[in-house]
Amino acid sequence: MTKLLLIDDERPILEVLDLSLTSEGYEVITAESGHEGLKIFEEENLKLVLTDIKMPGIDGIDVLKKIKAIDSEAEVIVVTGHGDMDSAIAALQHGASDFITKPIRDEALMLALERAERKLSMTKQLKDYTENLQQMVERRTLELKQAQEELIRNERLATIGDTVAGLAHYIKNILTGLRGGMYMVNTGMARDKSYMLQEGWAMVQRNVEKVSGLVLDLLRYSRERTPERSVCRPNEIVSEVVELLKDRAKEHHIELKKVLDADLKEAYLDRDGIHRVLLNLISNAIDACIYDTDTSKAWKVTVKTMLATDAGSGETILFEVTDNGCGMTDEVKEKLFTKFFSTKAGRGTGLGLLNTQKIIYEHGGEISVKSKVGEGATFSVRLKREMLEELTIDDC
Ligand SMILES: Nc1ncnc2c1ncn2[C@@H]1O[C@H](COP(=O)(O)OP(=O)(O)O)[C@@H](O)[C@H]1O
Ligand SMILES: [Mg+2]
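Since the model is a prediction, treat every value here as computed from it, not as a measurement. (Residues numbered from 1 in each chain as written. Chains lettered and ligands numbered in written order. Predicted model: local features only at pLDDT ≥ 70, side-chain atom pairs only at ≥ 80, totals over all residues.)

Chemist: Mind laying out the sheet that holds strand β10 (residues 314-323), listing which residues take part and the relevant values?
Modeler: One open sheet accounts for five strands, arranged β7-β9-β10-β12-β11; its pairing is mixed. Each of the sheet's edge strands pairs with one partner strand only, and the pair in question is β7 (255-259) and β11 (366-372). Along the sheet, successive strands turn relative to each other by an average axial angle of 15 degrees, direction set aside. Across eight bridges, β10 lies against strand β12 (residues 376-384) in antiparallel orientation. Residue Leu 318 lies in a different strand from β12, and its bridge partner there is Arg 382. (Pairing = 2+ DSSP bridges. Helix = DSSP H or I, 4+ residues; strand = E, 2+ residues; numbered from the N terminus. Axes fitted to C-alpha atoms, helices over the stretch in contact; angles between N-to-C directions.)

Chemist: Got a sec to walk through the environment of Gln 134? Specific residues and values, please.
Modeler: Among the structural elements, Gln 134 can be located in helix α5 (residues 106-190). When the C-alpha positions of Gln 134 and Asn 186 are compared, they lie 76 Å apart, and in sequence the two are 52 residues distant.

Chemist: Can you lay out the nonpolar core for me, pointing to particular residues and giving the numbers?
Modeler: Counting 34 residues, the largest nonpolar core has Leu 278, Ile 282, Ile 286 and Val 301 as the members making the most contacts within it. Contributing elements (two or more residues each) for this core: α7 (234-251), β8 (267-269), α8 (271-290), β9 (300-310), β10, α10 (352-362) and β12. No other element matches α8, which puts nine residues into this core. What Ile 286 contacts, discounting residues up to four positions off in sequence, is Leu 245, Arg 248, Ala 249, His 252, Ile 254 and Val 301. Listed in part, the 31 residues of the second largest apolar core include Leu 50, Val 63, Ala 74 and Phe 99. (Core = buried A, V, L, I, M, F, W, Y, C linked by C-beta atoms within 7 Å. Buried ≥ 20, exposed ≤ 12 C-beta atoms within 10 Å, placed from the backbone. Contact = placed C-beta atoms within 7 Å.)

Chemist: Tell me about the domain arrangement of the chain, and name the residues and values.
Modeler: When its domains are assigned, the chain resolves into domain 1 (3-104), domain 2 (152-222) and domain 3 (230-395). Computed over C-alpha atoms only, the centres of domain 2 and domain 3 are separated by 23 Å. Contacts between the two partners involve 13 residues from domain 2 and, on the opposite side, twelve residues from domain 3. Those elements that provide at least two residues to the side of domain 2 that touches domain 3 are α5 and α6 (194-222). Broken down by element, the residue count for the side of domain 2 that touches domain 3 peaks at eight residues, all from α5. (Domains from an automatic or database assignment.)

Chemist: Provide a residue-level description of the packing of α6 against α10, including the pertinent values.
Modeler: At a minimum axis distance of 10 Å, the contact between α6 and α10 shows a crossing angle of 50 degrees. As the angle between them shows, α6 and α10 are arranged oblique. Between α6 and α10 the crossing geometry is left-handed. Of the residues in α10, those in contact with Asp 217, Arg 220 and Tyr 221 of α6 are Gly 352, Leu 354, Asn 355 and Lys 358. Along the lines of polarity and charge, the residues of the contact of α6 with α10 split into two nonpolar, two polar and three charged. (Parallel < 35°, antiparallel > 145°, perpendicular 65-115°, else oblique. Left-handed = near helix turned anticlockwise from the far one by under 90°. Nonpolar A, V, L, I, M, F, W, Y, C, P; charged D, E, K, R; others polar.)

Chemist: Could you give an account of the site of ligand 1, naming the residues involved and the relevant values?
Modeler: Near ligand 1, the surroundings consist of 23 residues, among which Asn 284, Ala 288, Ser 342, Gly 348 and Gly 352 are the closest. Take the shell around ligand 1: its biggest share by element is four residues, from α8. Here the shell around ligand 1 is built from residues that sort into eleven nonpolar, ten polar and two charged. (Near = placed C-beta within 6 Å.)

Chemist: Would you mind going over the environment of Lys 172 in detail, with residue names and values included?
Modeler: Within the secondary structure layout, Lys 172 lies in helix α5. On the basis of neighbour count, Lys 172 is assigned to the exposed category, with 11 C-beta atoms found within 10 Å. Linking Lys 172 and Arg 347, residues 175 residues apart in sequence, is a C-alpha distance of 9.6 Å.

Chemist: Help me get a handle on the sheet that holds strand β3 (residues 48-52), residues and values and all.
Modeler: Strand order in the open sheet made by the five strands is β2-β1-β3-β4-β5, with parallel pairing throughout. What marks the edges here is a single partner per strand, and that holds for β2 (27-31) and β5 (98-101). Shown here is a sheet whose adjacent strand axes are inclined to one another by a mean of 20 degrees, direction ignored. The sheet contact formed by strand β1 (residues 3-7) and β2 spans five bridges and is parallel. Paired with Leu 4 across the strands is Val 28, a residue of β2. Lying over the sheet, helix α3 (residues 60-70) contacts β1, β3 and β4 (75-80), oriented at roughly 160 degrees with respect to β3.

Chemist: I'd like to hear about α10, residue by residue, with values.
Modeler: Extensive coverage of α10 is indicated by the burial of eight of its eleven residues. What α10 keeps buried is the set Gly 352, Leu 353, Leu 354, Asn 355, Thr 356, Lys 358, Ile 359 and Ile 360. In this structure, the buried side of α10 is in contact with α6, α8, β11 and β12. The first or second residue beyond α10 is Gly 364, which carries a positive phi of 75 degrees.

Chemist: Which residues make up helix α2 (residues 34-44), and what values do they have?
Modeler: Among the residues of α2, those classed as buried are Gly 34, Gly 37, Leu 38 and Phe 41. End-on view of α2: buried residues confined to an arc of 95 degrees, all on one side of the axis. Opposite the buried face of α2, at more than 90 degrees from it, the exposed residues are Lys 39, Glu 43 and Glu 44. For α2, the secondary structure elements touched by its buried residues are β1, β2, β3 and α3. Positive phi shows up at Asn 45, right after α2, with a value of about 55 degrees. (Arc of directions from axis to C-beta.)

As structure tokens, this is what we get:
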């Protein structure tokens, strides 16, 4: 049963309306003044009000304003005197849902009440729906957040798992190498065989290099640093790295070639950083030839330097490392710079390219790669040749 508050200062009108509305199925509460009406409205938590406009004390418009201030969703129908259009308009402007004129006709009153009730029920439906929607969105958001957290946790666990497994394998290989070297050194000493001594010692050295490389890579990866620049000769760095790797290339029948631009003299770079970059790229290129299953190829790794002068960006140093080894699939290409990504099954740390990229970015440079499966790969590094005019090679 809908509760309805009737406010009118004329008792007979109240009584007639009470009778007819009760017979229409409303639960009617009456008030003889605006003041009393407002009190009841607040106490009874009502939604539907019918009020006269002209009343002594608080008039109908004020009642309407106060009711709307308490509950903007309440529906208030006002009763105006015949022809009192000004009051009717004022009431509508203050949010009355309808107005009816005196003398009150039952049909007009019922129509106004029906409309007001329909509005009330629609407002309630809309409110319920919005609340539901909000709850649903909140629930779904929470579920999504939980799923996301779980995913991140799993991914992190997987990464840690992969890392530990990969690194453990890598370190185990180094230890095996070290033990092999030590065994040869011992045997060489025991049997007085100098060639065994030399070979064993070289093995030990190679594996010690690997450990220090790994430690350096891990440290480099974990540290933010700005490049420690000095004036140096890029071609010289290339020659140094090629010298370091030439034996390994030769051992696997790979031609290791330099094509150096004589115009590229001095540059202002982090010498150790660029050394590391080239060591990583050339080692990878040699590995790509070693891992290549097409043994009919004459494997070749070429390291190029170039000094390019662009009109806009000034002088650029270009390092290019090209191999005709195994190449890589699009999937591998996508993961190249991901930490601990390696296809070398325990023979790589998967930190080389990540660190290479980091060093290049720290220099404000760029790295790009082109590759086709079975045909090889080219890694290109572009760096600005930032020079301090007053510095010369002798100062560093
Ligand atoms: N020149 C290349 N040719 C083919 N694959 C390459 C080359 N350079 C890098 N890769 C791929 O990128 C992976 C990641 O390289 P890197 O970060 O140096 O780690 P790692 O050498 O320890 O495996 C390598 O395992 C290899 O699959
Ligand atoms: Mg590598």
